[in-house]
Amino acid sequence: MTGGADFDEDGSAAERKMRFLYALRSRGVTDSRVLSAMEVIDRGHFVRGLFAERAYEDMPLPIACGQTISQPSIVGIMTQALAVQPRDKVLEVGTGSGYQAAILSQLARRVYTVDRHRRLVREADALFRALDLTNITAITGDGSFGLPDQAPFDRIIVTAAAEDPPGPLLAQLKTGGIMVLPVGQSDTVQSLIKVTRTERGFDYDELRPVRFVPLVEGIGTE
Ligand code: SAH
């Protein structure tokens with residue numbers, strides 16, 4: 001069959017995926033490994049209820065506990081900036097829906113993801129099992145302290161905004177390691193920055209303006 005209106009189920013799913021990947025590319029996600037990971041991991045699994053039908057649009061969407069799943073192009077740009085290598089041990093602060101961790105699981109050896117909301121960790125963990133993503137460990141905790149037991153990390157990604165890079169996370173980054181995170185006040189425009197740990201200290205690159213939910217202290221009530 002040819003023509004727009006005649007697409008069957010598979011046809012329209014393939015179309016949707018093509019449009020999704022095209023939008024990522026046009027917004028600056030060009031790394032082929034990142035694009036393949038985002039092709040494999042279906043964002044539709046990570047968005048529930050009313051908003052599920054918008055899962056393939058390039059916009060952040062609400063998830064449980066008053067949080068958001070990030071915009072796919074921002075997930076792509078952050079993942080690309082992180083330059084994950086196949087042997088890497090990665091820490092993500094801010095599990096949320098689990099979408100970003102699932103993408104990282106395709107690129108790294110091992111992913112640890114931490115969220116302050118038990119419910120989000122439980123739901124994301126169930127999805128990781130259902131999708132057979134066996135190299136992700138999801139943990140409830142205040143991620144601004146990192147995971148001292150698993151440190152140091154090759155890569156750290158923070159998906160909630162702090163005013164400054166948290167000291168414990170800088171301390172848990174290996175020499176040669178990279179951390180990508182939004183910094184700034186939560187109610188204004190924040191900057192996405194890339195921190196590289198060198199032999200001499202830390203190099204900072206400002207990547208672009210972004211808007212994330214705030215990094216909040218302590219464990220949540222849900
Ligand atoms: N990466 C997620 C989106 C995260 S939204 C995804 O792919 O869906 C930001 C998340 O950071 C929220 O789930 C929030 O609960 C979490 N968060 C905020 N402060 C935190 C902290 N101190 N420690 C751990 N998680 C935190």
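Residues numbered from 1 in each chain as written. Predicted model: local features only at pLDDT ≥ 70, side-chain atom pairs only at ≥ 80, totals over all residues. Heavy atoms only, no water.

The name given to the protein in an unreviewed UniProt entry is Protein-L-isoaspartate O-methyltransferase, with Paragemmobacter kunshanensis as the source organism. Within the UniProt record for the protein, the comment given under Function (unreviewed entry) is "Catalyzes the methyl esterification of L-isoaspartyl residues in peptides and proteins that result from spontaneous decomposition of normal L-aspartyl and L-asparaginyl residues. It plays a role in the repair and/or degradation of damaged proteins." Taken verbatim from the UniProt record of the protein, the Catalytic activity (unreviewed entry) comment is "[protein]-L-isoaspartate + S-adenosyl-L-methionine = [protein]-L-isoaspartate alpha-methyl ester + S-adenosyl-L-homocysteine". (UniProt positions renumbered as here; feature names shortened; annotations may be inferred.)

Caption draft 1: View of the sheet that holds strand β9 (residues 202–210). Taken together, the seven strands give an open sheet; going across it, the order is β5-β4-β3-β6-β7-β8-β9, and neighbouring strands pair in mixed fashion. Taken across any chain shown, the strands that pair with only one partner, and hence form the sheet edges, are β5 (136–140) and β9. Put simply, the sheet's adjacent strands are angled 15 degrees from each other on average, direction ignored. The pairing of strand β8 (residues 190–197) with β9 spans eight bridges and is antiparallel. The partner of S191 across the bridge, within β9, is P209. Contacts between helix α3 (residues 72–82) and the sheet are confined to β3 (89–93), β6 (153–158), β7 (173–183), β8 and β9, with β7 contributing the most and set at about 160 degrees to the helix. (Pairing = 2+ DSSP bridges. Helix = DSSP H or I, 4+ residues; strand = E, 2+ residues; numbered from the N terminus. Axes fitted to C-alpha atoms, helices over the stretch in contact; angles between N-to-C directions. Contact = heavy atoms within 4.5 Å.)

Caption draft 2: Broad picture of the layout of surface pockets. Approximately 580 Å³ is the volume found for the largest pocket. Forming the walls of the largest pocket are 37 residues, and the residues nearest its centre are T68, T159, A160, F212 and V213. For the lining of the largest pocket, the elements supplying multiple residues, two or more each, are β2 (68–69), α3, β3, α4 (99–105), β4 (110–115) and β9. Split by residue class, the lining of the largest pocket holds 16 nonpolar, 15 polar and six charged. (1 Å grid on protein atoms, 1.4 Å probe; cavity = no way out; pocket = protein on both sides within 12 Å on 5 of 7 lines; lining within 4 Å. Points joined across faces, edges and corners; volume = space filled by probe spheres on them. Nonpolar A, V, L, I, M, F, W, Y, C, P; charged D, E, K, R; others polar.)

Caption draft 3: Spatial organisation of the nonpolar core. Counting residues in each nonpolar core, the largest one holds 48 residues, and the members touching the most others are F46, L82, Y99 and F128. Mapped onto this core, the elements with two or more residues apiece are α1 (9–26), α2 (32–40), α3, α4, α5 (118–130), β5 and β7. In terms of residue count, α3 provides more of this core than any other element does, six residues in total. In this structure, L82 is in contact with V90, L104, R155, I156, I157, I178, M179 and V180, ignoring residues within four places of it in sequence. One finds L169, L170, L173 and L181 within the second-largest nonpolar core, a separate group that totals 16 residues. (Core = buried A, V, L, I, M, F, W, Y, C linked by side-chain atoms within 4.5 Å. Buried < 20%, exposed > 50% of the residue type's maximum accessible area, 1.4 Å probe, protein only.)

Caption draft 4: Here's a closer look at the site of the ligand. Taken together, 28 residues sit near the ligand, with S97, D115, D142, G143 and V216 positioned nearest. Between a nitrogen atom of the ligand and a main-chain N or O atom of G94, the distance comes to 2.9 Å. Here a nitrogen atom of the ligand and a side-chain polar atom of D142 are 2.8 Å apart. Here the ligand, which alone exposes 580 Å², has 99% of that area covered by the protein. (Near = heavy atom within 4 Å. Polar contact = N/O pair within 3.5 Å; in protein donor to acceptor, adjacent residues only side chain to side chain. Areas by Shrake-Rupley, 256 points an atom, 1.4 Å probe, with all protein chains shown as cover.)

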